[in-house]
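For reference, the chains in residue letters:
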Amino acid sequence: MGIILATAGSAVGLGNVWRFPFMTGQNGGAAFIILYFACILLLGIPGMVSEFIIGRHSQANAARAYGHISGRKLWKLVGHLGILTSTIILGFYAVVAGWCLQYLFASVAGSLNGDASYVLSYFQSFSTHLWKPCLWAVGFILITHFVIIRGVQAGIERASKLLMPLLFVLLLAIVVASCMLPGASAGIKFLLMPDFSKVSQSVMLEALGQAFFSLSLGTCCLCTYASYFAKDTHLLRSAGEIALLDTLIAILAGLMIFPAAFSVGVQPDSGPSLIFITLPNVFQQAFATVPTLGYVIGIMFYALLVFAALTSTISMHEIGTAFFTEELNIGRKKAAWVLTVVCSLIAVFCSLSMGAVDGLTLFGMSLLDFCDFITAQIMLPMGAFLTSLFVGWFVNQHTVRNEFTNHGTVYQSLFPVYQFSVRYVVPLCILLIFLHQFGVI
Ligand code: TRP
């Protein structure tokens, strides 16, 4: 139970509350969401099951798991790719998690209060500050670090039993409040009525990247967690439940953000800043008649968001830490420090690229946008593509069947469907989406 909860904790995080709304906003709303659902169902769930199979069977760190289950060293490279990906993600993720921490303290101090233009300028001046956001980001990585080396993950798991449902209920309450704002219906329409004219060439890959990012898929993060699963855990059911919960939270986050954004005049395609320039308005305006309630709900929301982000950063940190500990034969503490220092450097550069220092751009994107793009849209799909081919074609199918069916006790009839999907559907779809993105088809 604890480990399934931890896996769900890894999935639910800023990917749902921060990245999903901003991606949806940039890609025209409902049409993007339809593609996103398709990616979760067709590619995400089989992908999760594949990582679960590798992890539970081999009971080892990401790279060793691939080598062990196939008996070939070359496949370890997929594990290495995953470790590299999760390290880069942790770097830029910590920047956004740091913003959430800053917003938590600012909402306690009441310094987010003001009209929509004040809220916007607050974000702009804070995120382009030279050292403040860097400190918050590094601080967030250090918190993750200490959770990992103190081994208090069990405590975090126990806390999430209470805090995750609380986040859910709070989201629901904020959704209701947000939908009652004047002019909110335009936001609801944006989310529910597809406008295919806004769909661009790149929308498929963006939906795919968002689905994988949100499910924590493509870095063997799920593999690492599955190495702690019990022998009788139903892999398919767990994948389905986690995907459902994760998608539900993303949709609620969308229903919280867009009605409010349309109501106060925030552009839906504002990018990574979207939730930060929208939420403070919600807490003030939607609760205008009872400001104390808005104040308390705001604080609780940022606190729960920080917690959700922490359960995700723990999972990313853990992949690298487990790898360095076992492969470099150094102590766990040292291994964790290696990762913490590397991620902190990435975080600092990403943070500075938000405007504090000019020229920190790659291919016309800020470093933060670039890291987000290259991981979510290139490296995660590549990891999932290779993992799928690996499980479908290179692992002994007897082993795969045994893991999928818990040695012939469950889901026997679904195995051929799963097998067909990892052999053909998943790799071909990812390949086609790539080819489409780069204009080949
Ligand atoms: N899924 C998490 C979120 O939605 C982020 C995350 C955690 C992740 N671990 C990961 C993304 C591994 C990719 C790979 O916030």
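So, here is what we can say about the structure in this document.

1. Quick look at the overall build of the protein
Check the secondary structure of the protein and you find 18 helices and 2 strands. Scaling as 2.2 N^0.38, a compact globule of 441 residues should have a C-alpha radius of gyration of about 22 Å, and the protein matches this with 21 Å. Along the first, second and third principal axes, the C-alpha atoms of the protein reach 60 × 50 × 45 Å. Residue burial in the protein is summarised as follows: out of 441 residues, 58% are buried. The long-range fraction of contacts in the protein, counting pairs at least 24 apart against all pairs at least 6 apart in sequence, stands at 80%. As displayed, the protein offers around 16,900 Å² of accessible surface, 69% of which is attributable to carbon and sulfur atoms. Considering the protein, the positive charge centre built from 19 side chains and the negative charge centre built from 16 side chains are found 11 Å apart.

2. Details of helix H14 (residues 291-327)
Compared with the 54 Å implied by 1.5 Å per residue over 37 residues, the 54 Å span of H14 between its first and last C-alpha is a close match. Following H14 by one or two positions, Asn329 adopts a phi angle in the positive range, close to 55°.

3. With respect to the site of the ligand
The immediate surroundings of the ligand are formed by 16 residues, with Ala11, Gly15, Tyr93, Phe213 and Ser216 found nearest. Contact distances for the ligand include 3.0 Å between a nitrogen atom and a side-chain N or O atom of Ser216. For the ligand, whose unbound accessible area comes to 360 Å², protein coverage reaches 100%. Taken together, the residues of the shell around the ligand sort by class into 7 nonpolar, 9 polar and no charged.

4. With respect to the nonpolar core
Within the largest apolar cluster, 148 residues are counted, with the highest numbers of intra-cluster contacts made by Leu14, Met48, Phe212, Met256, Phe276, Phe301 and Tyr418. Beyond its immediate chain neighbours, meaning those up to four positions away, Met256 contacts Val17, Leu171, Ile174, Val175, Ser178, Leu279 and Phe301.

5. Side note on the packing of helix H5 (residues 76-109) against H14
At a minimum axis distance of 8 Å, the contact between H5 and H14 shows a crossing angle of 155°. By the criterion of interaxial angle, the relationship of H5 to H14 is roughly antiparallel. As for the relative orientation of H5 and H14, their crossing is left-handed in sense.

6. Notes on the state of the cysteines
Joining two cysteines, a disulfide is a covalent bond between their sulfur atoms. Taken as a whole, this structure holds 1 disulfide when the rule is applied. Two residues share a disulfide in this structure: Cys220 and Cys223, whose sulfurs sit 2.4 Å from each other. Like Cys220, the residue Cys223 is buried in the burial classification. Cys371 provides the cysteine sulfur closest to Cys350, a residue in no disulfide bond, and the two sulfurs are 3.8 Å apart. Taking the relative accessible area as the measure of exposure, Cys350 reaches 1% and is therefore buried. Counting only cysteine sulfurs, Cys39 is the nearest neighbor of Cys429, a cysteine outside any disulfide, at a range of 8.3 Å.

7. As for the environment of Phe52
Within the secondary structure layout, Phe52 lies in helix H3 (residues 30-58). Taking the C-alpha atoms as reference, Phe52 lies 6.7 Å from Leu235; in sequence the two are 183 residues apart. Those residues in contact with Phe52, other than ones at most four positions away along the chain, are Thr7, Leu222, Ala226, Phe229, Leu235, Ser238 and Ala239.

8. Concerning the environment of Ile346
One can find Ile346 in helix H15 (residues 332-352). When the C-alpha positions of Ile346 and Pro268 are compared, they lie 28 Å apart, and in sequence the two are 78 residues distant. Look past the residues within four positions of Ile346 in its chain and what remains in contact with it is Thr87, Ile88, Gly91 and Phe92.

9. Here's the deal with the environment of Glu327
You can see Glu327 is positioned in helix H14. When its relative accessible area of 27% is taken as the criterion, Glu327 is described as partly exposed. In the structure, Glu327 is positioned 147 residues away from Met180 in sequence and 55 Å away in space, judged by C-alpha atoms. Excluding anything up to four places from it in sequence, Glu327 contacts Asn61, Arg64 and Lys76. There is a polar contact of 3.3 Å between the side chain of Glu327 and the side chain of Asn61. Side chain to side chain, Glu327 and Lys76 meet in a polar contact 3.4 Å long.

10. As for the packing of aromatic side chains
Counting across every chain of the model gives 33 aromatic pairs. Taken together, a centroid distance of 6.3 Å and an interplanar angle of 25° make the contact between Phe92 and Phe213 stacked. Here the residue Phe92 occupies a position in helix H5, and Phe213 occupies one in helix H10 (residues 203-215), the gap between them amounting to 121 residues. Judged by its relative accessible area of 8%, Phe213 falls in the buried class. Cluster of aromatic residues (ring-pair linked, three or more members): Trp99, Tyr103, Tyr118, Tyr122, Phe123, Phe276, Phe283, Phe301 and Tyr302. One residue, Arg19, lies across the ring of Phe213, its end atom 5.0 Å from the ring centre.

11. Side note on the side chain of Ser50
Mapping Ser50 onto the fold places it in helix H3. A relative accessible area of 1% means that Ser50 is categorised as buried. Once residues within four sequence positions are removed from consideration, Ser50 is found in contact with Thr387, Val391, Tyr418 and Val422.

12. Considering the pattern of salt bridges
One pass over the full model with this rule turns up 7 salt bridges. The salt bridge involving Arg64 is made with Glu326; its shortest N-O contact spans 3.8 Å. Here Arg64 is found in helix H4 (residues 62-70), whereas its partner Glu326 is found in helix H14, with 262 residues between them in sequence. Accessibility expressed as a relative area gives 31% for Glu326, which makes it partly exposed.

So, how was this worked out
Residues numbered from 1 in each chain as written. Predicted model: local features only at pLDDT ≥ 70, side-chain atom pairs only at ≥ 80, totals over all residues. Heavy atoms only, no water. Helix = DSSP H or I, 4+ residues; strand = E, 2+ residues; numbered from the N terminus. Rg over C-alpha atoms; globule rule 2.2 N^0.38 Å. Buried < 20%, exposed > 50% of the residue type's maximum accessible area, 1.4 Å probe, protein only. Contact = heavy atoms within 4.5 Å. Areas by Shrake-Rupley, 256 points an atom, 1.4 Å probe, with all protein chains shown as cover. Lys, Arg positive; Asp, Glu negative; His and termini not counted. Charge placed at Lys NZ, Arg CZ, Asp CG, Glu CD. Expected span 1.5 Å × (residues − 1). Near = heavy atom within 4 Å. Polar contact = N/O pair within 3.5 Å; in protein donor to acceptor, adjacent residues only side chain to side chain. Nonpolar A, V, L, I, M, F, W, Y, C, P; charged D, E, K, R; others polar. Core = buried A, V, L, I, M, F, W, Y, C linked by side-chain atoms within 4.5 Å. Axes fitted to C-alpha atoms, helices over the stretch in contact; angles between N-to-C directions. Parallel < 35°, antiparallel > 145°, perpendicular 65-115°, else oblique. Left-handed = near helix turned anticlockwise from the far one by under 90°. Disulfide = S-S within 2.5 Å. Phe/Tyr/Trp six-rings, centres within 6.5 Å; stacked < 30°, edge-to-face > 60°. Lys NZ or Arg CZ within 6 Å of the ring centre and 35° of its normal. Salt bridge = Lys/Arg side-chain N within 4 Å of Asp/Glu carboxyl O.

Coordinates in, geometry out; function isn't part of it.
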